[in-house]
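Each chain, written out:
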Amino acid sequence: MKIQTEKIRAISLLVLGLMMVLAFVPKTTHADTVTSSDFSSQSFSKVVDWYDYVRQYAAANGFTPPNSTEHAYIFANYINVGGFQLFSAGLVNVTHNNVNFVTIPLQTFFEHYKTPGGKDVITASSFISLVAFKENSTTDIYPNSPDRGDEVYASFSLGVNLTALTGHKMPSPVSAARTIPLNSTDSNHYSWGLKYTNLNAMWWKVNPDPLFPCCIPSTPRGLAQYTELTFNYALTIDPSSKTATLTASYTIGRITDLWIITSSPAVHMNSTGTYNLDGTARNSTTVYQYMTARQLKLSIVLSQKAIIAGTSTTNKDDSGASVDNDNSTDVTHTAVNTAAGDGERAFRADFGVKPTYNLYNYTGNPSEATASTYNVNTRTVNRAGWGGNPVFWFQNAFMGFLPLFVAHVDPGLVQQAKAGMVSFSVTDYLYIISYPTWDGYRIVNDPAYTAYYQPASNLGFLTAIFIAVAVAAGIGGVFAFLFRRRRTASMAIAGTTGPAPNQPPGPVTGPSGPTQ
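Since the structure is predicted, the reported quantities are computational estimates derived from the model, not experimental observations.

A. Geometry of the overall build of the protein. When its secondary structure is counted, the protein shows 9 helices and 27 strands. Within the protein, the proportion of its 516 residues that are buried is 60%. Accessible area of the protein: about 18,100 Å², with a carbon and sulfur share of 52%.

Structure below.
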């Protein structure tokens, strides 16, 4: 109880503090509502005010609720077909008094199903951050992948007022977010997504050393504006092969502008040259020439978690090498297979299905109509060095409340599921997909995730177990929960409260930056 109270208060303070440093931008929003009956339907797609449900849960349990003027809009998609369930949550924006807001690209999808052998499985997959890095040529530990010997910059917005910091007009941390509605061609094929445009992301210098994970949180090193960051999802359910495969396509737009604010003097670069912050020309070096000269590369940090009821679990690549125990394993041309203790496979994150990415050279082809193909580099990494890094405090705090969002829908279902989920093992791993050739240009890449499930009718009890374990295990706390070491625990499942809404809040557009 005390821990939950502290979490509620902590997130309220964190978000409120975050909002107070943002520029005022008028905004009208609308959110839809989810009820318990929605989770018995085949699918739904709604934009919900997540804070509405945190407030209801707090009121029902005697906790201090977030301020009524605070809102966090989540794009929620749910699919429930033939014994397989998927719940996807993406952060659209966070607001205060409907005028202050910030956009942070948080994405998580959960799956629940029974294996052909009858074991209950829940998985959680999350996008954590973009990471730019420059390798250390003398002490590089893992070529073409960021590590503790490299110069590493986590890239996302945290609402810092750079105009006040620099004394010059700087872009707002507000970006546009557009939902891509859930679409289905039949009951076994679905697609949806979320697109952030003109994404303004600060570069925070981090050290992913597992013995001393740290960052420099007081001052970001720079600010990059990306044309987009788009998450497209395509789900194919195949009852005959007993598989459900989700392909996640990541599109990272080219950098249009880069402000380096730790240099003296600070500078602004774009496709035409380098400028002082007052707009006067400095030299002809473009942002793409700078990225090439600095040999900066790009990565995305992601996570994977699985819970299998009543058994131990393992994560191994196709050769049988374990990626548990924080092993750093190259999985570029293979996959990570999650299995039960008796060897029954439950889940597969497949990177070898497409070990390449497309790079669109804007300088050579401004229309970005054609792409060159390069090889990715994918490896599992130490969770303490990355997940334990304080630079990810906002993700940690925000995602920790998704169980409240889910479980509020029907506390009765949670109570029903108590008898069915008493003990289980938890296993998880963190991995990084790297794009060694970047130069600041647009990238498209799409790994695939396959669940091995037993087709069945859409029983409410499956949904009950999904909700109950999400709450009990804290699976929604993708960051607070994600980077723990593998453990076996007996947990009592307690009731909580949950979901909501359908019209997107609409595009949230901030200033494009200083003119030249």
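B. Structural context of unusual backbone geometry. At Asn-144, a position not held by glycine, the phi torsion is positive, near 65°. Following the sequence through the fold, Asn-144 ends up in the loop between strand S6 (120–134) and strand S7 (151–156). One non-glycine residue with positive phi stands out, namely Asp-439, at about 60°. Position of Asp-439 relative to the elements: it lies in the loop between strand S24 (423–435) and strand S25 (442–445). Look at Asp-439 and you get partly exposed, because its relative accessible area is 21%.

C. Fine view of the side chain of Asp-147. With respect to the element layout, Asp-147 can be found in the loop between S6 and S7. Within the buried set, Asp-147 has no salt-bridge partner at all; the shortest N-O distance to an opposite charge, 5.0 Å, is to Arg-379. Separated by 2.9 Å, the side chain of Asp-147 and the backbone nitrogen of Gly-149 make a polar contact. Filtering out sequence-adjacent residues up to four positions away, Asp-147 remains in contact with Asp-140, Ile-141, Tyr-142, Val-152, Pro-208 and Arg-379.

D. Representation of the nonpolar core within the structure. Formed by 70 residues in total, the largest nonpolar core has its most connected members in Trp-203, Tyr-226 and Trp-438. Among residues more than four places away in sequence, those in contact with Trp-438 are Ala-132, Trp-203, Tyr-226, Ile-255, Met-291, Leu-296, Lys-297, Leu-298, Leu-359 and Ile-443. In this structure, Ile-128, Met-170, Met-202 and Leu-223 belong to the second largest nonpolar core, which totals 20 residues.

E. Structural context of the confidence of the model for the protein. With 67% of its residues at a pLDDT of 70 or more, the protein has an overall mean of 74. Across the protein, the secondary-structure element scoring lowest on mean pLDDT is strand S27 (residues 487–490), at 29, and the one scoring highest is strand S22 (residues 372–375), at 96. Between residues 1–28, whose pLDDT stays under 50, and residues either more than four places distant or in other chains, the model counts 67 contacts. Taken as a whole, residues 460–516 scores under 50 in pLDDT and shows 228 contacts with residues more than four places along the chain or in a different chain.

About the thresholds
Residues numbered from 1 in each chain as written. Predicted model: local features only at pLDDT ≥ 70, side-chain atom pairs only at ≥ 80, totals over all residues. Heavy atoms only, no water. Helix = DSSP H or I, 4+ residues; strand = E, 2+ residues; numbered from the N terminus. Buried < 20%, exposed > 50% of the residue type's maximum accessible area, 1.4 Å probe, protein only. Areas by Shrake-Rupley, 256 points an atom, 1.4 Å probe, with all protein chains shown as cover. Lys, Arg positive; Asp, Glu negative; His and termini not counted. Salt bridge = Lys/Arg side-chain N within 4 Å of Asp/Glu carboxyl O. Polar contact = N/O pair within 3.5 Å; in protein donor to acceptor, adjacent residues only side chain to side chain. Contact = heavy atoms within 4.5 Å. Core = buried A, V, L, I, M, F, W, Y, C linked by side-chain atoms within 4.5 Å. pLDDT = per-residue confidence, 0-100.

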